[in-house]
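# A closer look at the structure
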Protein chains: 2
Amino acid sequence: MDSIDQRILEILQTDCLKTAKEMASELSLTTTPIYERIKKLEKAGYIKEYVALLDADLLGKSIVVFLNLTVKDHHASKRKEFIKQMESLDSITEFYHISGSYDFLAKARFSSIKEYRDFLVNDVASISNISDIESQIVLEELKYTTKIII
Amino acid sequence: MDSIDQRILEILQTDCLKTAKEMASELSLTTTPIYERIKKLEKAGYIKEYVALLDADLLGKSIVVFLNLTVKDHHASKRKEFIKQMESLDSITEFYHISGSYDFLAKARFSSIKEYRDFLVNDVASISNISDIESQIVLEELKYTTKIII
DNA sequence: TATGAAAGGGACATCTT
DNA sequence: AAGATGTCCCTTTCATA
């Protein structure tokens, strides 16, 4: 993992369809070392996946909600069951165990307030171990990047 | 935007390096319609970017923190200034205007607790319009996907 | 670990139904 | 809107320094 590897990762995080040829020219190398370094980085696990990021608004999935949750029963088995149930919900895109006033933080995405309400009433309400929920509805997304600064 | 387009977007969100040939075989089509549909989806803005997702732990960027913020002065100019300052911080990967007890929610990434402390002491403290901060440190990432279910 | 050349396959354009 | 065909360029590999 030298500075060339870092610059390759930087580029791939911005545009993973950039050709090895273009990268080679940017980094003053030929295609072979670029190609081999990328393969090495993939095998070492640095690159997890190559994905397309979509426009949620155009797809009618504009409602984003963060849910702060506390659980009643912290015992291992109940806890695992709770995590499994939360992870299985398709609306939830991110789920974290956190420090602070709440135990868990979830990010969820919906196409309408009705869908969000149904999620609360049907999906979440059926999970028994929740003691408290505080929702933060996203009014505006001001910054979003998947890029990790190395 | 028919069901074939949806399945193409589904595939691209999982693996955007999949060849048109492979997708054609999965969707019982030939490469031409796949290729043309993808180009159409790109031009229409459904696909924003193609990116590589990296392993933060392997890169030594394991500390993730959510910051809940309230601002003192909500007037337009002060507010814009605040947003601009927050967006400019490289540690902050996501930033939202939210409803609820706090005004804003930021997701930030650090390589160490020291780096996080320096961020609070240097970067955040220099932003004058903040009245309250509550940090939620991520103890475990249980689910993370960029995928939007269509 | 890099360069350069060579083979194989996919992207992309065009034509056809 | 989808199928078929052909060209070009990139990916991938190999020999070599």
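A quick note: this is a predicted structure, and the numbers were derived from the prediction, not measured.

Superposing the two chain copies requires a rotation about an axis and a translation along that axis. Note on the identical chains: chain B maps onto chain A by a rotation of 180° and an axial translation of 0.0 Å, with an RMSD of 0.1 Å. Taken together, the turn and the small shift mark the pair as related by a two-fold rotation axis. It is B:V51 whose C-alpha, among those of chain B, lies nearest the rotation axis, at 2.8 Å.

The next subject is the environment of A:S99. Its place among the elements puts A:S99 in the loop between β3 (92-98) and β4 (104-110). Among residues more than four places away in sequence, those in contact with A:S99 are B:Q136, B:I137 and B:L139.

Time to look at the domain arrangement of chain A. It is common to give the size of an interface as the accessible area lost on bringing the parts into contact. Looking at the assigned domains, one finds that chain A contains domain 1 (3-44) and domain 2 (57-138). Its C-alpha centre places domain 1 of chain A at a distance of 38 Å from the equivalent point of domain 2 of chain A.

Moving on, we get to the interface of chain B and chain A. In this complex, chain B contributes 60 residues to the contact, which on the side of chain A involves 60 residues. Each partner contributes to the roughly 5900 Å² buried at the junction of chain B and chain A, and carbon and sulfur atoms together form 60% of this total. Its largest share of buried area at the contact with chain A, chain B owes to B:L54, B:L142 and B:K143, together 12% of the area lost on that side. Taken together, chain B and chain A are joined by two salt bridges. Listed by contribution, the elements that provide at least two residues to the side of chain B that touches chain A are α1 (3-14), β1 (47-54), β2 (63-71), α4 (76-87), β3 (92-98), β4 (104-110) and β5 (130-144) of chain B. Per-element accounting of the side of chain B that touches chain A gives the leading share, ten residues, to β5(B). Per-class residue counts for the side of chain B that touches chain A are 34 nonpolar, eleven polar and 15 charged. One ladder, built from five bridges, connects strand β5 (residues 130-144) of chain A with β3(B); its direction is antiparallel. Looking across to β3(B), one finds that A:E141 is bridged to B:Y96.

A word on the protein's contact with DNA strand D. Surveying the vicinity of DNA strand D reveals the residues A:T19, A:A20, A:K21, A:T32, A:Y35, A:K39, B:L29, B:T30, B:T32, B:P33 and B:R37. The share of sugar and phosphate among atoms of DNA strand D within 4 Å of the protein is 75%. Residue A:K21 places a side-chain N or O atom 3.0 Å away from a phosphate oxygen belonging to DNA strand D. For the surface near DNA strand D, the elements supplying multiple residues, two or more each, are α2 (20-26) and α3 (31-43) of chain A together with α3 (31-43) of chain B.

Turning to the protein's contact with DNA strand C, a few remarks are in order. Every residue close to DNA strand C is listed here: A:L29, A:T30, A:T32, A:P33, A:R37, B:T19, B:A20, B:K21, B:T32, B:Y35 and B:K39. If you look at DNA strand C and keep only atoms within 4 Å of the protein, 77% of those are sugar or phosphate atoms. Contact between DNA strand C and A:R37: a phosphate oxygen at 2.8 Å from a side-chain N or O atom of the residue. In the model, a sugar or linking oxygen of DNA strand C is placed 2.9 Å from a nitrogen or oxygen of the B:Y35 side chain.

All names here are of chain B. The tally for this structure, following the rule as stated, stands at 13 aromatic pairs over all chains. Consider the rings of F82 and F95, whose centres lie 6.1 Å apart with planes at 65°: the pair is edge-to-face. Separated by 13 residues along the polypeptide, F82 in helix α4 and F95 in strand β3 bring together distant segments of the chain. A relative accessible area of 0% places F95 in the buried class. Both rings, one in F82 and one in F104, keep their centres 5.0 Å apart while their planes meet at 55°; by these two values the pair is tilted. With a gap of 22 residues between them, F82 in helix α4 and F104 in strand β4 connect regions that are remote in the sequence.

Turning our eyes to something else, we now look at the sheet that holds β5(A). In a beta sheet, neighbouring strands are held together by backbone hydrogen bonds and run either parallel or antiparallel to one another. Pairing is antiparallel around the closed barrel formed by eight strands, whose spatial order is β2(A)-β4(A)-β3(A)-β5(B)-β2(B)-β4(B)-β3(B)-β5(A). Each adjacent strand pair in this sheet contributes to an overall mean axis angle of 35°, direction not counted. The pairing of strand β2 (residues 63-71) of chain A with β5(A) spans seven bridges and is classified as antiparallel. Bridge pairing in β5(A) places A:T70 opposite A:D132. Strand contacts of helix α5 (residues 113-124) of chain A: β2, β3, β4 and β5 of chain A, with the helix running at about 20° to β2(A), the strand carrying the most contacts. The strands touched by α4(B) within the sheet are β5 of chain A together with β2, β3, β4 and β5 of chain B, with β3(B) carrying the most contacts at an inclination of about 155°.

Cut-offs used in this document
Residues numbered from 1 in each chain as written. Chains lettered and ligands numbered in written order. Predicted model: local features only at pLDDT ≥ 70, side-chain atom pairs only at ≥ 80, totals over all residues. Heavy atoms only, no water. Least-squares fit on C-alpha atoms with pLDDT ≥ 70 in both. Helix = DSSP H or I, 4+ residues; strand = E, 2+ residues; numbered from the N terminus. Contact = heavy atoms within 4.5 Å. Domains from an automatic or database assignment. Buried area = accessible area lost by both parts, 1.4 Å probe. Salt bridge = Lys/Arg side-chain N within 4 Å of Asp/Glu carboxyl O. Nonpolar A, V, L, I, M, F, W, Y, C, P; charged D, E, K, R; others polar. Pairing = 2+ DSSP bridges. Near = heavy atom within 4 Å. Polar contact = N/O pair within 3.5 Å; in protein donor to acceptor, adjacent residues only side chain to side chain. Phe/Tyr/Trp six-rings, centres within 6.5 Å; stacked < 30°, edge-to-face > 60°. Buried < 20%, exposed > 50% of the residue type's maximum accessible area, 1.4 Å probe, protein only. Axes fitted to C-alpha atoms, helices over the stretch in contact; angles between N-to-C directions.

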